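# Inside the fold
Given next are the chains, with one letter for each unit.
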Amino acid sequence: MQGCLISAFLSYSLGVIAATFLELGVVLPLYLALALLSLFLKSRRMFLLLILCMALGSVRYELTLPTPLPEGWTRLEGVVQEVKEDEEDRWASYDLKTDLGLIRVFGKAGARPGDKVAVEGMMEIPRGATNPGQFDYRAYLLRQGIANVLDARGAPEILERGVPWSPIALRELIRDRVRRALSTGGALERPDIVLGVVMGDRGLLDEHTEDVFARAGVNHILAVSGLHVGYVVLAVSLLTGGERRALPVLIAVLAVYAFVTGLRPSVVRASLMTVLAIAGRAAGRQTDGLSFLAASGLLLLLLRPALLFEASFQYSFAATAGILLLYDPVTRWVGRGRLGGALAVTLAAGLAVLPLNAYYYHMLSLVSPVANLVIVPLMGVVVLVGLATAVVGSVVYLSPLLKVANAFTGILCRLSEFLAEVFTSLPLSSVIVGTPNPLTILAYYTLLVPLLWPGLLRTRLVLLLAASLVVWGVVLYPPPDPGVIFLDVGQGDAAVIETPGGKYVLIDGGTERAGESVVLPYLLHRGVRVLDLVIVTHTHDDHAAGVIEVLKKIPAREIWVGGTADLPGHTVIRPRPGHVLQLEPRVVLTVLGPVGSLPASENDRSLVVRLDMGGMSVLFTGDIEGEGEKALLTHAAALDADVLKAPHHGSANSARVDFLRAVEPAVVVISVGEDNKHGLPADLFLRRIEGIPLYRTDRHGAIRVRPSRDGLVVRTMLGGIVEKLEAR
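First things first, this report covers the structure right here in the doc. Computed from a predicted structure; not experimentally measured.

Along its length, the protein carries 24 helices and 23 strands. Taken against the 2.2 N^0.38 rule, which gives 27 Å for 728 residues, the C-alpha radius of gyration of the protein at 29 Å falls within 12% of a compact globule. When its C-alpha atoms are laid out on the principal axes, the protein stretches across 90 × 65 × 55 Å. By residue count, 49% of the 728 residues in the protein fall in the buried class. Residue pairs at least 24 apart in sequence account for 67% of intrachain contacts in the protein once pairs closer than 6 positions are excluded. For the protein, the accessible surface area stands at approximately 34,200 Å², while carbon and sulfur atoms represent 62% of it.

Given below as structure tokens:
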């Protein structure tokens, strides 16, 4: 039975994965061919069952994918589901359940879950990731069953207030009561953390708290997980006097808790495993954790196949599988007993989710085992007291009692955060790694095999493991990809230079939001721990603000600034024309402008820098316009470049004829926002560069240009364009 459930779960999951790469018209005939081949095998029944599970996974995934609706102005009516509000701006996003499907709406606040509303606005298909390492919002919504977003105009029209005892309204009522109960108190309370660990409501958590818990390797405690279910089970068992008596009550309590916390995969998984285990013991049957894990996973994926690609699902199942499989082997190394057992659980779960940490957070915490031993027990008390406070405070609002309870949990939360800060302040507490590729992950899990079967170390498999270790060490960090990538930061500028020797230079960082959501994720995706040089061409926010966000996480060895730009708290250099920096052999940066006395315009004060790398030259122009270009023409010979980063996003007053004649580019790249309010690039600019290959971040996403033996290679994130051009 154990083998059947695990095989069915893995086969179904493989079928879901296959459906993301191949159309059903391709994958189903493939399954049919495999089924025919299995008829010649001895274990044909088992193979046919596995193939059937794979086919079921592919079909279920395809059937649950939403179909995009036409874009354009539309009016929708539906029932409001989840709501996220910004109280200061009276702005909200909410999911609207309509006859056409589930739609994500962005607009003014005013509706509550369960309300029937009407909204008007522009229906759009959300844009996917346009940069490497960027969060793919379109894919995320598709996994939630949403294919369209609506940019609403005005507040929603309330057609009918939600029925007070409807499931959606009832859940929101309970959550509101819990929020009020856990937010009652004074200066010592920490409702931001307590609401996260009790209800999974992380909306109040600030960036610092999430970052410090993540670097300490204890960020899992900030989300509702199996740990919380364990405390619920403990409380119910103590109150009812044993597992068998508790089972009916436990099923009801866990169902309510899963419902109120939003049916999160980790809670549903832990609840299902708990109920199955207790029911099995009550029936006198031998319990098997892996079978229960596979059964709960299969049930969840039957309902929502796309859960397989959710981080919460992967973390929950990987950590649980790690504990079930690796706990005993790890205890052989750390010993048993309370301390050894606790450390073994932490190490077993940590070993299992290590590739996930590298993939999603681009970071490995080296203090995680010890930090978990210290912080998790403290936060466990927070969970237990928080759950009790939530239950009592939701039924009877006793302000003095709630203040005392919240002050107590607040002190523990502050202590936990302080300890996390202590751990992260230690040298080498965490290390940034690039996004691991599938080969890296496969090699890593191969290395765990000797923990499960120590006898294999004395067989020839040790050679395979050694080879895997070598491969893992080679590909742990992304291999160098020398060249320049122009990131799609909307209406702004950001480019990253990567040298053959693995050095990195950041030239501008876009807006503050772009720095957080585009530039920093890209650098972490590449495994960048330190920037060798940062250049801020001038002070405008669409160039400089994102740099500030990047420097909060990744330090820079040297910073150049142009115009009136300044970076408080950082030592900066204001290089003059003629300043040369040789990063590596055949990799040189030369400052060309601004020339002469500083122009009146901040745009024309932009630093102009030329890169020479392995036979390729790139001219970075900031936001210079006519006056700045004219000044540079006094040294026209130095302007000659293969790649021109279009000045000032392709405005009408940039890239004059004389300037283009001096540069004579083989490629022009424009960093510009989609449907921007400035109407850039200007028609006049486009006429001036007619005949020169043009790439635009608003249409092509990130654009990578690298040198090759006989010229340049241009690759784009959108459209999959790969073009080889001759260098001049």
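There's more to say after this.
This structure, assessed with the given rule, holds 26 salt bridges. For Arg75, the salt bridge is made with Glu120, and the minimal N-O distance between the two is 3.6 Å. Within this pair, whereas Arg75 is found in strand S1 (residues 72–86), its partner Glu120 is found in strand S4 (residues 116–124), the two being separated by 45 residues in sequence. Judged by its relative accessible area of 41%, Arg75 falls in the partly exposed class. Glu120 gets classed as partly exposed once you look at its relative accessible area, which sits at 35%. One salt bridge connects Asp481 with Arg704, and the closest N-O pair in it is separated by 3.3 Å.

All right, on to the side chain of Asn603 then. Secondary-structure assignment places Asn603 in the loop between strand S15 (587–593) and strand S16 (608–613). Asn603 sits in the buried class, given a relative accessible area of 9%. Among the polar contacts made by the side chain of Asn603, one reaches the side chain of His540 at a distance of 3.1 Å. Ignoring sequence-local partners within four residues, the contact set of Asn603 consists of His538, His540, Asp623, Ile624, Glu625 and His648.

On to the packing of aromatic side chains. All chains considered together, the criterion is met by ten aromatic pairs. Pairing Phe135 with Tyr140 gives two aromatic rings, centres 5.6 Å apart and planes at 50°, and the pair type is tilted. Assessed through its relative accessible area of 24%, Tyr140 is described here as partly exposed.

What follows concerns the sheet that holds strand S10 (residues 494–498). Strand order across the open sheet formed by eight strands is S13-S12-S11-S10-S9-S21-S22-S23, with mixed pairing between neighbours. Two strands close off the open sheet at either side, each with one partner strand: strand S13 (559–561) and strand S23 (722–725). On average, each strand axis in the sheet is inclined to that of its neighbour by 15°, with strand direction left out of account. Summarising the sheet, strand S9 (residues 483–486) and strand S21 (residues 703–708) pair through three bridges and their orientation is antiparallel. Counterpart to Val484 in the pairing with S21 is Val705. Strands in contact with helix H20 (residues 541–551) are strand S11 (504–509), strand S12 (533–536) and S13; relative to S11, the strand with the most contacts, it is inclined by about 130°.

Another aspect to go through is a nonpolar patch on the surface. On the surface, Leu14, Ile17, Phe21, Leu22, Val26, Leu30, Leu34 and Leu37 cluster together into a nonpolar patch covering about 740 Å² of accessible area. Put simply, the parts of the chain that give the nonpolar patch at least two residues each are helix H1 (2–21) and helix H2 (24–38). Per element, the largest residue contribution to the nonpolar patch is four residues, and it comes from H2. Locating Leu37 in the fold gives a position in helix H2. Overall, the relative accessible area of 55% leaves Leu37 in the exposed class.

Close contact between helix H11 (residues 289–303) and helix H12 (residues 311–334) brings their axes to 10 Å; oriented N to C, the two are set at 165°. On the basis of the axis angle, H11 is roughly antiparallel to H12. Relative to H12, the crossing made by H11 is left-handed. Where H11 abuts H12, its residues Gly289, Leu290, Leu293, Ser296, Gly297, Leu300 and Leu301 lie against Phe313, Phe317, Thr320, Ala321, Leu324 and Leu325. Per-class residue counts for the contact of H11 with H12 are nine nonpolar, four polar and no charged.

So, on to the nonpolar core. One finds Val197, Val198, Phe313, Ile375 and Met379 to be the most contacted residues of the largest nonpolar core, which totals 66 residues. Examining the composition of this core, we find that seven residues originate from one element, helix H14 (residues 368–395), more than from any other. What Val198 contacts, discounting residues up to four positions off in sequence, is Leu182, Val224, Tyr257, Thr261, Val383, Gly386, Leu387 and Ala390. Listed in part, the 30 residues of the second largest apolar core include Ile535, Val591, Val618 and Val705.

Judged by pairing direction, the sheet is mixed, and its seven strands sit side by side in the order S14-S15-S16-S17-S18-S19-S20 without closing on themselves. Whereas interior strands pair on both sides, the edge strands pair on one side only; in this sheet they are strand S14 (580–584) and strand S20 (694–696). Across the sheet, the axes of successive neighbouring strands diverge by a mean angle of 20°, strand direction being ignored.

Right, let's talk about the packing of helix H5 (residues 167–182) against H14 for a bit. Remark: H5 packs on H14, axes separated minimally by 8 Å, with the N-to-C direction vectors making an angle of 115°. One way to sum up the angle between H5 and H14 is to call them roughly perpendicular. Crossing geometry of H5 relative to H14 is assigned as right-handed. Contacts from Arg177, Val178, Ala181 and Leu182 of H5 reach H14 at Gly386, Thr389, Ala390, Gly393 and Ser394. Of the residues contributing to the contact of H5 with H14, the split by class is four nonpolar, four polar and one charged.

The next thing to look at is the pairing of S12. Residues Leu533 and Ile535 line one face of S12 and the alternating positions Val534 and Val536 line the opposite face, and both faces are buried. As defined by bridge partners, S11 adjoins S12 across three bridges and the pair is classed as parallel. Considered in S12, the bridge of Val505 is made with Leu533. Handedness of the S11-helix H19 (residues 512–525)-S12 crossover: right-handed. As paired strands, S12 and S13 are joined by three bridges and run parallel to one another. The residue bridging Val534 from the neighbouring strand is Ile559, located in S13. A crossover links S12 with its parallel partner S13, the connecting element being H20, and its sense is right-handed.

In this chain, Gly593 is followed by Pro594 through a cis amide linkage whose omega measures 10°. By secondary structure assignment, the location of Pro594 is in the loop between S15 and S16. Going from Leu680 to Pro681, the amide bond is cis rather than trans, its omega being 0°. The backbone of Leu428 shows a phi angle near 55°, a positive value even though the residue is not glycine. Structurally, the position occupied by Leu428 is in the loop between helix H15 (399–424) and strand S8 (430–432).

Cut-off values and rules
Here the residue numbering is sequential within each chain, running from 1 through the sequence in written order. Totals for whole chains, interfaces and linings use all residues, but because this is a predicted model, local features are given only for residues with pLDDT of at least 70 and pairs of side-chain atoms are given and counted only at 80 or more. Just so you know, side-chain values use all the structure's heavy atoms and leave hydrogens and water out. Numbered from the N terminus, helices here are DSSP runs of H or I no shorter than four residues, and strands are runs of E no shorter than two. Here the radius of gyration uses the C-alpha set of atoms, whereas the globule reference equals 2.2 Å times the residue count to the power 0.38. Accessible area is worked out with a 1.4 Å probe on protein chains only. A residue is then buried under 20% of its type maximum, exposed over 50%, and partly exposed in between. Only heavy atoms matter for contacts: two residues are in contact if any of them lie within 4.5 Å across the pair. For accessible areas, the Shrake-Rupley method is used with a probe of radius 1.4 Å. Any residue's cover is judged against the shown protein chains and nothing else. Within this document, salt bridges are pairs made up of a side-chain nitrogen of Lys or Arg and a carboxyl oxygen of Asp or Glu, the two lying within 4 Å of each other. Identification of polar contacts relies on pairs of N or O atoms within 3.5 Å, with a donor-acceptor requirement for protein atoms, meaning one able to donate a hydrogen and the other able to accept it, and with residues adjacent in sequence counted only if both atoms are side-chain atoms. Within 6.5 Å between ring centres, the rings of Phe, Tyr and Trp (the latter by its six-membered ring) count as paired, and their orientation is classed by plane angle as stacked under 30 degrees, edge-to-face over 60, tilted in between. Any two strands with at least two DSSP bridges between them are considered paired. Fitted lines through C-alpha atoms serve as axes, helices being fitted only where they are in contact, and the angles separating the N-to-C directions of these axes extend from 0 to 180 degrees. Like charges within 9 Å and nonpolar side chains (Val, Leu, Ile, Met, Phe, Trp, Tyr) within 5 Å are joined into patches, using only residues over 30% in relative accessible area that form no salt bridge. Each angle gets one of four labels, with under 35 degrees taken as roughly parallel, over 145 as roughly antiparallel, 65 to 115 as roughly perpendicular, and the rest as oblique. Here a crossing is called left-handed whenever its near helix is offset anticlockwise from the far helix by less than a right angle, and right-handed whenever the offset is clockwise. Residue polarity follows a fixed list, in which Ala, Val, Leu, Ile, Met, Phe, Trp, Tyr, Cys and Pro are nonpolar, Asp, Glu, Lys and Arg are charged, and the others, Gly among them, are polar. We define the nonpolar core as a collection of buried residues of types Ala, Val, Leu, Ile, Met, Phe, Trp, Tyr and Cys that are connected through side-chain atoms lying within 4.5 Å of one another. Place the viewer so that the strands point away; then a crossover is right-handed whenever the path from the first strand over the helix to the second strand goes clockwise.

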